[in-house]
Amino acid sequence: MQAFAQGQARAFERLLVRHRRGVFNFVRRSVGHEATAEDLFQEVFLRLIRAAPTYRVEARFTTWMYTIARNVCVDHARRAGVRRGEELGDARAERAAAPGPEPERAALDRELGERMEAAIAALGDELREVFLLRELANLRFAEIAEVVGCNVNTVKSRMRYALQQLRRALEDDQAEARVAR
């Protein structure tokens, strides 16, 4: 980022290549809709470009970048009054329409993915945010604390509650599936 801020355009290309997948996955999971995520992903990198002249090395670049990504998602939710359940349904429909490998395996993968997506979407905003930053962005707890603006113990607690809720939701789904058989 420092090289880009000093006018080296190729440095931005390296940043984009290195971080695009992680940032896009974080944004997509945060908003639950592929097309919206693509727009917000572009907004994240536009903000990075605009902020380049003021970038200072005070923390890891990824912490700074995911703070921007988080803010873009929060701004979107405020502007649009996003209802995550509706967008999650749209994302499921997009995945169902996409061609896949073996039909049985694809059906099982899709079912598990849908259950996991639904469980993640059902988490409260604070729990989902911490879970996604940890699992998708691979940020350390201290970095997540910096991104979300709370202390490390709060982040750890939110992660623990998120994992408990996800585990419970998936166990409940399995129990319902056994009863249905």
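See above for the structure.
Within each chain, residue numbers correspond to sequence positions counted from 1 in written order. Given that the model is predicted, a residue must reach a pLDDT of at least 70 before its local features are reported, and side-chain atom pairs must reach 80 or more before they are shown or counted; all residues, however, enter totals for whole chains, interfaces and linings. Values reported for side chains reflect all heavy atoms of the structure, with hydrogen atoms and water molecules removed beforehand.

Enquirer: Before we go on, may I ask you to explain the nonpolar core in this structure?
Expert: Generally speaking, soluble globular proteins have nonpolar side chains that are buried together. Grouping buried Ala, Val, Leu, Ile, Met, Phe, Trp, Tyr and Cys residues that are joined through side-chain atoms within 4.5 Å yields what is termed a nonpolar core. Exposure categories follow from relative accessible area, calculated using a 1.4 Å probe and restricted to protein chains: below 20% of the type maximum is buried, above 50% is exposed, and the middle band is partly exposed. Counting residues in hydrophobic clusters, the biggest one holds 43 residues, and the most contacted among them are Val-23, Val-27, Val-44, Phe-45, Tyr-66, Phe-131 and Leu-133. In this text, helices come from DSSP runs of H or I with a minimum length of four residues, and strands from runs of E with a minimum of two, each type numbered from the N-terminal end. At the level of elements, α2 (9–31), α3 (34–51), α4 (61–80), α6 (103–122), α7 (125–135), α8 (141–148) and α9 (152–180) are the ones that each hand at least two residues to this core. Looking at this core element by element, the count peaks at eight residues for α2. Here, two residues are considered to be in contact whenever any of their heavy atoms come within 4.5 Å of each other. Filtering out sequence-adjacent residues up to four positions away, Val-23 remains in contact with Phe-41, Val-44, Phe-45, Met-65, Tyr-66 and Ala-69.

Enquirer: Mind showing me how you'd approach the pattern of salt bridges here?
Expert: Note that side chains of opposite charge can pair when their charged atoms are close. Within this document, salt bridges are pairs made up of a side-chain nitrogen of Lys or Arg and a carboxyl oxygen of Asp or Glu, the two lying within 4 Å of each other. Inspection of the entire model under this criterion finds 12 salt bridges. Taking the shortest distance from any N to any O, the salt bridge between Glu-117 and Arg-29 comes out at 3.3 Å. With Glu-117 in helix α6 and Arg-29 in helix α2, this residue pair connects regions lying 88 residues apart in the sequence. The exposure class of Arg-29 is partly exposed, given its relative accessible area of 24%. Notably, a salt bridge pairs Arg-158 with Glu-126, separated by 3.5 Å at the nearest N-O pair. In this pair, Arg-158 sits in helix α9 while Glu-126 sits in helix α7, placing the two residues 32 residues apart along the sequence. Residue classification places Arg-158 among the buried positions, given a relative accessible area of 14%.

Enquirer: Would you mind showing me how to read the packing of α4 against α8 here?
Expert: Helix-helix packing is described using two parameters, namely the angle between the two axes and the distance between the axes. α8 packs onto α4 with a crossing angle of 40 degrees between their chain directions and a minimal axis gap of 9 Å. Comparing their axes, α8 and α4 come out oblique. Here the hand of the crossing between α4 and α8 comes out right-handed. Contacts between α4 and α8 involve Thr-62, Thr-63, Tyr-66, Thr-67 and Arg-70 from the former and Glu-143, Glu-146, Val-147 and Val-148 from the latter. In the contact of α4 with α8, the residues fall into three nonpolar, three polar and three charged. Under this scheme, a helix contributes an axis fitted over its contacting stretch, all axes are lines through C-alpha atoms, and angles between N-to-C directions fall in the 0 to 180 degree range. Note that the term roughly parallel is reserved for angles under 35 degrees, roughly antiparallel for angles over 145, roughly perpendicular for angles of 65 to 115, and oblique for everything else. Crossings are classed by handedness, with left-handed meaning an anticlockwise turn of the near helix from the far one by less than a right angle and right-handed meaning a clockwise turn. Three classes are used, and their members are as follows: Ala, Val, Leu, Ile, Met, Phe, Trp, Tyr, Cys and Pro are nonpolar, Asp, Glu, Lys and Arg are charged, and the others, Gly among them, are polar.

Enquirer: Please explain the packing of aromatic side chains as it appears in this structure.
Expert: To describe a pair of aromatic rings, you give the distance between the ring centres and the angle between the ring planes. Note on aromatic pairs: the rings of Phe, Tyr and Trp (six-membered ring only in Trp) are paired at centre separations within 6.5 Å, and the planes decide the class, stacked below 30 degrees, edge-to-face beyond 60, tilted for the rest. All told, the structure shown has six aromatic pairs when counted by the stated rule. Centre to centre, the rings of Phe-24 and Phe-41 are 6.0 Å apart; their planes meet at 80 degrees, and the pair counts as edge-to-face. On the criterion of sequence distance, the pair formed by Phe-24 in helix α2 and Phe-41 in helix α3 is long-range, its members being 17 residues apart. Each member of the pair Phe-24 and Phe-41 is classed as buried. Each ring, one from Phe-26 and one from Tyr-66, has its centre 5.7 Å from the other, and the planes form 90 degrees; the classification is edge-to-face. A residue pair is termed long-range when its members are at least 10 positions apart, and Phe-26 in helix α2 and Tyr-66 in helix α4 qualify at 40 residues.

Enquirer: Explain unusual backbone geometry here, please?
Expert: Peptide bonds are trans in most cases, and residues, glycine excluded, mostly fall at negative phi. At Asn-138, a residue that is not glycine, the phi angle is positive and equals roughly 55 degrees. Summarising the element assignment, Asn-138 is placed in the loop between α7 and α8. The exposed category is assigned to Asn-138, whose relative accessible area is 58%.

Enquirer: Explain the packing of α2 against α3 here, please?
Expert: For the pair α2 and α3, the least separation of the axes is 9 Å and the interaxial angle reads 135 degrees. Between α2 and α3, the interaxial angle falls into the category oblique. The two elements α2 and α3 cross, and the hand of that crossing is right-handed. Across the interface between the two elements, Phe-12, Leu-16, His-19, Arg-20, Val-23, Phe-24, Val-27, Arg-28 and Val-31 from α2 touch Glu-34, Thr-36, Ala-37, Glu-38, Leu-40, Phe-41, Val-44, Phe-45 and Ile-49 from α3.

Enquirer: Looking at this structure, I do not really get the environment of Leu-15. What am I missing?
Expert: Tracing the chain through its elements places Leu-15 in helix α2. Distance in space between the C-alpha atoms of Leu-15 and Met-1 is 7.4 Å, their sequence separation being 14 residues. Setting aside residues up to four positions removed in sequence, Leu-15 forms contacts with Met-1, Arg-20 and Phe-61.

Remember, this is a structural readout, not a statement about activity or role.
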